Amino acid sequence: MIIERIDLEGIACYQKKSFDFSNLTVVYGENRSGKSTLVYALFFGLFGEHLNPSLSPGDLCRKGLADGSVTVIYEDGGQRFQLRRSIAGVPILRCVSPEGQQDHWQTVAPDGANSTAGSLGVPPAVAALTSFFQEGELILFLKEMPKYSRTLLQHIVRMDEIF
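Quick caveat: nothing in here was measured; it's all calculated off a predicted structure.

When you line up the elements, T37 lands in helix α1 (residues 35-47). Those residues in contact with T37, other than ones at most four positions away along the chain, are I11, A12, C13 and Y14.

Inspection of the entire model under this criterion finds three aromatic pairs. Taken together, a centroid distance of 4.9 Å and an interplanar angle of 45 degrees make the contact between F43 and F47 tilted. Of this pair, F43 and F47 both sit in helix α1, four residues apart, roughly one helical turn. You can call F43 buried: its relative accessible area is 4%. Measuring from centroid to centroid gives 5.4 Å for Y74 and F81, while their planes differ by 20 degrees, and the two rings are stacked. The pair formed by Y74 and F81 is uniform in burial state, with each residue classed as buried. Above the face of the F19 ring, K17 is positioned so that its terminal group lies 5.5 Å from the ring centre.

Below, the discussion takes up the confidence of the model for the protein chain. With 62% of its residues at a pLDDT of 70 or more, the protein chain shows a mean pLDDT of 76. When mean pLDDT is taken per element in the protein chain, strand β2 (residues 14-20) scores highest with 95 and helix α2 (residues 113-116) scores lowest with 49. Low pLDDT, under 50, characterises residues 111-115; the stretch is placed with five contacts to residues that sit more than four places away or in other chains.

Moving on: the pairing of strand β1 (residues 2-11). Across seven bridges, β1 lies against strand β3 (residues 69-76) in antiparallel orientation. Residue pairing in the sheet places E9 in a bridge with S69 of β3. Note that β1 and β2 share six bridges and pair antiparallel. In the strand pairing of β2, E9 is matched with K16. As consecutive antiparallel partners, β1 and β2 are separated by two residues, and within that stretch A12 has a phi angle of approximately 45 degrees, a positive value.

The rules behind each value
- Residues numbered from 1 in each chain as written.
- Predicted model: local features only at pLDDT ≥ 70, side-chain atom pairs only at ≥ 80, totals over all residues.
- Heavy atoms only, no water.
- Helix = DSSP H or I, 4+ residues; strand = E, 2+ residues; numbered from the N terminus.
- Contact = heavy atoms within 4.5 Å.
- Phe/Tyr/Trp six-rings, centres within 6.5 Å; stacked < 30°, edge-to-face > 60°.
- Buried < 20%, exposed > 50% of the residue type's maximum accessible area, 1.4 Å probe, protein only.
- Lys NZ or Arg CZ within 6 Å of the ring centre and 35° of its normal.
- pLDDT = per-residue confidence, 0-100.
- Pairing = 2+ DSSP bridges.

What follows is the structure in structure tokens.
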């Protein structure tokens, strides 16, 4: 899966904001500028849960709003998908129509999280494990681990190419 874009509406500090991703996307900024919110929103968009298990997805909403949404556009196996999750609604998975028109989306799975679970390819536990490692911390962590553990973790998070 390759994430192309994420659109946020009514999520924490973002009233309406889009982020485009490339092969290497670096997120940086001052404290309290929304970096962690972006990670939380991406996790919610993909898995329908809050990354922090002690919080609910509703905690992602912008203050004063009862709803917010996250739309993740990604490519998987040569097919483009659009997964939209709303705090108050059910997820909707769409793909580019067979005609291949760039913005002509066709609904694939309108009936909730169970329909979208198989299309992501990364279990929520693995995504949660890797979400908040900074590059320096991850490299130090992997170097200090015994070789067999490092290899296993690299395989789990698909980071073999770093080393």
